[in-house]
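For reference, the chains in residue letters:
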Amino acid sequence: MSEVTSKWNWEITGQTSYWGASLQELWSYRHLLGALVKRDFLLRYQQTVLGPFWGLFPPIMTLVTYVLVFGKFVGIPTDTLPPVLFYFAGIILWSFFNNSFSGTSAIFRDNIHLFSKVYFPRLVMPASVISTHFSTFLIQLFLMLLLIAYYALFQGLSLPVSAHLLWFPVAVATTAALALGLGLLFSVITAKYRDMGHLVSLGVRLLMYVTPVIYPLSSVPEKVRWVVQLNPLTPLFEAFRLSLLGEGTLTGAQVLYSIGFAGVVLVVAMLLFNKQGDKLIDVV
Amino acid sequence: MAETVVQVENLSKLYRLGTIGTGSFRQDLQRLWNQHVLGKKDPFFVGAGQKDFSSGPGHIWALQDINFEVKRGEAIGIVGSNGSGKSTLLKIISRIVRPTTGRVRGKGKVSSLLEVGTGFNQELSGRENIYISGYLLGMSKAEVARKFDEIIAFSGIEQFIDTPVKRYSSGMYVRLAFAVAAHLEPDILIVDEVLAVGDADFQKKCLGKMHEVSQAEARTILFVSHNMQAVNNLCDKALWLDKGVMRAFDESSAVVNKYVASLQKHRLRQVWASPAEAPGNEWVRFKCVELIPHLDETSDIIDIRTPLTIRFRFWNLRQDVSLNLGVVLYSYSGDCIFDLLSPALQCQQGLVEGECTIPGNFLNDGSYYIMLTVAKDSSIPIYKFDECLAFEVEDYRGDISYYGKWCGAVRPKFPFRLEQKEHALLPG
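Residues numbered from 1 in each chain as written. Chains lettered and ligands numbered in written order. Predicted model: local features only at pLDDT ≥ 70, side-chain atom pairs only at ≥ 80, totals over all residues. Heavy atoms only, no water.

An unreviewed UniProt entry lists chain B under the name ABC transporter ATP-binding protein, from Pontibacter mangrovi. Under Sequence similarities (unreviewed entry), UniProt gives the following word-for-word description of chain B: "Belongs to the ABC transporter superfamily." (UniProt positions renumbered as here; feature names shortened; annotations may be inferred.)

As annotated in an unreviewed UniProt entry, chain A carries the name Transport permease protein and is attributed to Pontibacter mangrovi. Entered under Sequence similarities (unreviewed entry) in the UniProt record, the comment concerning chain A runs "Belongs to the ABC-2 integral membrane protein family."

See below:
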């Protein structure tokens, strides 16, 4: 037994590691992830008549507003696409990004009562936030497909089914990675410096205007287009529309830029989250 | 010799006091500037080992240099007054907060119960909450599923299992929450004072479960409690923390003894040098009053078994009076327990001494104070010396596994006979 005695399963020291929980440990908490997503769903829609259909309500209201304000009054061109489809595609991807990012960046503030009472790999929480918003996104996507079908059948919208569909998983996955990465990064920063919380919500709102949500990239004047293109979300939104609606302005290099950007942010954020996460419990 | 499953080495934890957050950005910048640019020492954190740092403003050592080992299958009680670092220690061992210096190493799966109902959500049904709480506490899906019925049975709320927890009474809530916790099967279980909630009946059930768990093979328990009786009965060893410093780590009865003795607030002796400054009046002046507990060598606390002798001396200032002394014992709430009168004595001017003894196994546990009265000619009161002595009597129950408050003003040991008269099965 002396060999076993000298071996320890775990060790807790003042030093935190960049690597955090092992994959094996994360895997053992997969049911917790499922239960948390289920919890969020139940909490949101329990005791309501419409249930998950409430997930459709905000994007539809936003859509109506955009069609009226930007489409009718301001008159922003939407290429050759019907405004309803154009705006709705932007709205659902943006709300997925926005909700995932905001939810993840508030992870310490929202869960301190749990974090200070029980140990579990902290990454489970942001993962559950992203999963919850992803399922809402899927419901909204379903409505999007219905709208596309309506326009294709009754309005004569031509939808050439092409290899562009392959952009769809790329756009959604990269958006999720970017939201998670930025969210983790800001969760650490806002937990430490509360002031940043206010800046973040303002920043996200401004970010929407340099992202082609309500306008196509092609309508941006050449002179200022580089500003919009600097935003790693831009190629993702263009790719998303290209895959679903067949119109979008992008090059392979731009998509690679987005993927690279999201990848770097995600890795850095995860390392920082692992390294700082345990220490933050003392200061939140 | 059982193997060591938890080893705590030189563990210290430093907390910053005050508003953390605002201003810390400036401090962080200043720290970076000092450390990396100027190469100075960190002004906000001086390494551990410099114990005098604890006196510095804005910081507090919640734990200092804690060392101990826990063997497989041991139950360890952690005692200490509020703010002594007990919860911090448990949080570090549960991996919730990081120590400032030192380390903890261990073997096996750890589950911690730092509150009742970890992860419970008011809006969700009992069923949902069992799953979420179970997963959070580290149970696997199969484990929760296997124990599900048992958990519901233990909590006794079968019919409300699909009702949102917000509609539960607080008792039902606590029962369900504890039921989940009670069915954990970790190698090392960490429990923080969760038993302080709930009614006496529920506490009994919890302690019973704890007892069962601690008896089970190879289960190690770390247990914070203010219930000394429970620590004594459930734990093999106890750790006494005092303001973050380890005062003792030994057999639980020995540690509990020392800890309780340090808490007892007594006024066991008062002495006055001359009649001029002594309490009294123109009839009598007290020279000394004293309470002498008859402690045996194994214990230095006054518990319900300890005989107590009250001894006093007073200057009698008048010639040839007949005096009676009275010893009146009050409980802390002011109820008179007894009023004991001495026989009358024809006293001359000078010192008079008297004593009386309260036998062991007579008083119930609690706080008491004593008043001495002096009367003349066995009828006329001439002096009352209120609260001249104060003492506490600690509980002692031996093997009785009842943990609630023992009621009654006194707890005498009268002869009590109980026997089996007939041995036959009852019909029906």
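Alright, that's what it looks like, and here's the rest.
Residues and elements named next belong to chain B. Taken as a whole, this structure holds zero disulfides over all chains when the rule is applied. Sulfur of C336: no disulfide; nearest cysteine sulfur belongs to C356 and is 13 Å away. With no disulfide of its own, C388 has C288 as its nearest cysteine by sulfur position, at a separation of 11 Å. (Disulfide = S-S within 2.5 Å.)

Moving on: the packing of helix 3 (residues 30–45) of chain A against helix 7 (residues 124–154) of chain A. Residues and elements named next belong to chain A. Orientation of helix 3 relative to helix 7, taken along the N-to-C sense of each, is 50°, at an axis distance of 9 Å. Judged on the interaxial angle alone, helix 7 and helix 3 are oblique. Where helix 3 crosses over helix 7, the handedness of that crossing is right-handed. Counting all contacts with helix 3, which are made through L32, L33, L36, V37, R39, D40, F41, R44 and Y45, the residues of helix 7 involved are V124, M125, A127, S128, S131, T132, H133, S135, T136 and I139. When its residues are assigned to classes, the contact of helix 3 with helix 7 shows 10 nonpolar, six polar and three charged. (Axes fitted to C-alpha atoms, helices over the stretch in contact; angles between N-to-C directions. Helix = DSSP H or I, 4+ residues; strand = E, 2+ residues; numbered from the N terminus. Parallel < 35°, antiparallel > 145°, perpendicular 65-115°, else oblique. Left-handed = near helix turned anticlockwise from the far one by under 90°. Contact = heavy atoms within 4.5 Å. Nonpolar A, V, L, I, M, F, W, Y, C, P; charged D, E, K, R; others polar.)

This part is about the packing of helix 7 of chain A against helix 11 (residues 233–245) of chain A. Residue and element names in this part refer to chain A. Between helix 7 and helix 11, the least distance of the axes is 12 Å, while the angle of their chain directions is 45°. As the angle between them shows, helix 7 and helix 11 are arranged oblique. Between helix 7 and helix 11, the residues in contact are F137, L141, M144, L145 and I148 and F240, L244 and L245, respectively. Of the residues in the contact of helix 7 with helix 11, the class split is eight nonpolar, no polar and no charged.

Attention shifts here to the environment of L241(B). All names here are of chain B. Within the element layout of this structure, L241 appears in strand 8 (residues 237–242). A residue is classified by how much of its surface remains accessible, and L241, at 0% relative accessible area, is buried. A C-alpha to C-alpha distance of 5.1 Å links L241 and G80, two positions 161 residues apart in sequence. Setting aside anything within four residues of it in sequence, one finds L241 in contact with L63, I66, I78, V79, G80, S81, S84, G85, K86, L89 and M246. (Buried < 20%, exposed > 50% of the residue type's maximum accessible area, 1.4 Å probe, protein only.)

All names here are of chain B. Mapping S84 onto the fold places it in the loop between strand 3 (75–79) and helix 2 (86–93). A distance of 2.7 Å separates the side chain of S84 from the backbone oxygen of S81, its partner in a polar contact. The residues contacting S84, other than those within four sequence positions of it, are A62, L241, D242, K243 and G244. (Polar contact = N/O pair within 3.5 Å; in protein donor to acceptor, adjacent residues only side chain to side chain.)

Take the nonpolar core next. Residue and element names in this part refer to chain A. M144 and F240 are the most contacted members of the largest nonpolar core, which has 158 residues in total. Ranked by the residues each element gives to this core, the list is headed by helix 5 (residues 83–105), at 12 residues. In this structure M144 touches L85, F88, A89, I92, L244 and L245, once residues within four positions along its chain are discounted. (Core = buried A, V, L, I, M, F, W, Y, C linked by side-chain atoms within 4.5 Å.)

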